[in-house]
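Report on the structure
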Number of protein chains: 2
Amino acid sequence: MSISVIGNGNVAFSLIPALIKANYTIDFLVGRNLEHLQPLASQYDISFTNDYNLIESEIVIITVSDNAIETVSSHLTAKSNKLVLHTAGSVSLDILTKNHSSCGVLYPLQTFSKTRPIDIGTVPLCIEGSGKTELAIIQNLAQNLSSSVTQISSSERLSIHTAAVFVSNFTNLMYTYGAKIMEDTGLDFNILRPLIQETAQKVMQLSPAEAQTGPALRNDTNTLMLHNKQLNEAFTKKYNTLTAWIQEFYNK
Amino acid sequence: MSISVIGNGNVAFSLIPALIKANYTIDFLVGRNLEHLQPLASQYDISFTNDYNLIESEIVIITVSDNAIETVSSHLTAKSNKLVLHTAGSVSLDILTKNHSSCGVLYPLQTFSKTRPIDIGTVPLCIEGSGKTELAIIQNLAQNLSSSVTQISSSERLSIHTAAVFVSNFTNLMYTYGAKIMEDTGLDFNILRPLIQETAQKVMQLSPAEAQTGPALRNDTNTLMLHNKQLNEAFTKKYNTLTAWIQEFYNK
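Attention in this report is confined to the structure presented alongside it. Bear in mind that the values here come from a model prediction, so they are computed numbers and not experimental data.

1. Considerations on the packing of aromatic side chains
For any pair of aromatic rings, the description consists of the separation of the ring centres together with the inter-plane angle of the planes. Under the counting rule described, the total for this entry stands at 19 aromatic pairs over all chains. Centre to centre, the rings of Tyr177(A) and Phe166(B) are 5.7 Å apart; their planes meet at 85°, and the pair counts as edge-to-face. With one member in each of two chains, Tyr177(A) in helix H6 (residues 154-184) and Phe166(B) in helix H6 (residues 154-184) form a pair that bridges those chains. By the burial criterion, Tyr177(A) is buried, and Phe166(B) matches it.

This is the structure in structure tokens:
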């Protein structure tokens, strides 16, 4: 099946090589700004255009930012019965059904950045289709890209996306605080890295609740007090809030 | 040099095989409860005792819980000029200098659990000594165990330990919340695991500030609103607090 990809953001950067690896033909990389499309298109020798009317692929994958999906989808003509997909975690399928009878979602549950290419083969793909036929096509596409494919409704996908914010964005905030405390003390963040890695690695086998340790869980008041003394006021507040949340969760 | 280890907790479980691998002789595994010592001692064919007076090793490593270190160290007679070390992140060296002229700290900066043996060889060891001679001995010991050894004062170590609470205990709380949201939606936590791993992996190269992404950072009010609607009241509060913290950090 022939595919066009709209957008040249972080998702497109990892999705395009995955599609090529799975032997799909990419007709066009599409976007407003040709200059921005050029690097990715050249890298994989793909045609690129800013003219939505040229798109006649069987599948069109919209990878633009959440807020732009609706506008972009309205630019696509429905004449050729294209299957139109978006790749966003928190955008309902309804956004596409307005303009396209044949549509769906291919949401790769991962954090993407242009500096770190992601192997889609191990990324969980959450799929949704406007009908049985569409779902079958999307399932086939997804299974050619990744070993982990799950059918997920728009509402479930929104829940997954909020859970993802906790385990990724908010987790990274905790790393940021750790880095700031090290910096403020004139110490190298580097020596925290093995701990960060092992903390993540632990929950690959255990549940997070089984993996929880530390002074908050033990209600080790002496250590909690020492940490409070050591931190500046802004961090003390955050430390105590997070400690209270742990104790609330475990009914300490 | 001959070594005795006091305590049979999580640190001892990873430290003892590391000492043996580095060709140290372990005279005794020491603790109050012989039954509790037996499994670890048998596994490595080490003598074990509950009689502190039998300890005549050149180095004694106290691996008991923070609150018990002072009491345990007071049980050790100083007659044989033993070098007494503890392995705790938030306990000052002063606790040992009260009873021992020759003492120090060997703090392995990692999360230990009996179910996951840790290779000490890659664990950052933070060392401190009561004097130059002691520090030289501890440095030698540490370098035989790990490729990452740093001299750290008691005050710096306490800062590192608070930073460690953020990147490990509080990070794991974020995983717990992710798991709870998935459970509440009837979804499998498993599909979040690759994201958790990549989020940690990202900051092995980037700084956490460089790695930050998400709706809070972008101040994507539409997505923030959708997440608020999807979460229950308890989680909404936490979500909004953490979002505000990200926006505070990046001056959004």
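2. Considering the sheet that holds strand S4 (residues 59-62) of chain A
All names here are of chain A. One open sheet holds the 8 strands; their spatial order is S3-S2-S1-S4-S5-S6-S7-S8, and the pairing between them is mixed. Every interior strand has two partners, whereas the edge strands, strand S3 (48-49) and strand S8 (149-151), have only one. Two elements, S4 and strand S5 (residues 83-86), share 4 bridges in a ladder whose sense is parallel. The residue of S5 that forms the bridge with Ile61 is Leu85. Across the sheet, helix H5 (residues 132-145) touches strand S1 (2-6), S4, S5, strand S6 (103-108), strand S7 (125-129) and S8, and the angle it forms with S7 is around 165°.

3. Some details on the nonpolar core
Grouped together as the largest cluster of nonpolar side chains are 113 residues, with contacts concentrated most on Phe166(A), Ile6(B) and Phe166(B). For Phe166(A), the contacting residues outside a window of four places in its chain are Thr171(A), Met174(B), Tyr177(B), Gly178(B), Ile181(B), Leu231(B), Phe235(B), Tyr239(B) and Leu242(B).

4. What to know about the interface of chain B and chain A
The interface is formed by 88 residues belonging to chain B together with 88 residues belonging to chain A. Buried surface at the junction of chain B and chain A, both sides included, amounts to about 8,400 Å², of which 68% is carbon and sulfur. When the buried surface of chain B facing chain A is broken down by residue, Arg116(B), Phe166(B) and Trp245(B) rank first, second and third, together holding 9% of it. Here chain B and chain A share 4 salt bridges between them. A salt bridge links Glu198(A) to Arg116(B), with the shortest nitrogen-to-oxygen separation between them at 2.8 Å. Linking chain B to chain A there are 34 residue pairs in polar contact (both at pLDDT 80 or more).

5. A short note on the pairing of strand S4 (residues 59-62) of chain B
Residues and elements named next belong to chain B. Burial along S4 is two-sided: Ile59 and Ile61 and Val60 and Ile62, pointing in opposite directions, are all buried. Direction of pairing for strand S1 (residues 2-6) relative to S4: parallel, over a ladder of 4 bridges. Directly across from Val5, in S4, lies its bridge partner Ile61.

About the criteria used
- Residues numbered from 1 in each chain as written.
- Chains lettered and ligands numbered in written order.
- Predicted model: local features only at pLDDT ≥ 70, side-chain atom pairs only at ≥ 80, totals over all residues.
- Heavy atoms only, no water.
- Phe/Tyr/Trp six-rings, centres within 6.5 Å; stacked < 30°, edge-to-face > 60°.
- Helix = DSSP H or I, 4+ residues; strand = E, 2+ residues; numbered from the N terminus.
- Buried < 20%, exposed > 50% of the residue type's maximum accessible area, 1.4 Å probe, protein only.
- Pairing = 2+ DSSP bridges.
- Contact = heavy atoms within 4.5 Å.
- Axes fitted to C-alpha atoms, helices over the stretch in contact; angles between N-to-C directions.
- Core = buried A, V, L, I, M, F, W, Y, C linked by side-chain atoms within 4.5 Å.
- Buried area = accessible area lost by both parts, 1.4 Å probe.
- Salt bridge = Lys/Arg side-chain N within 4 Å of Asp/Glu carboxyl O.
- Polar contact = N/O pair within 3.5 Å; in protein donor to acceptor, adjacent residues only side chain to side chain.

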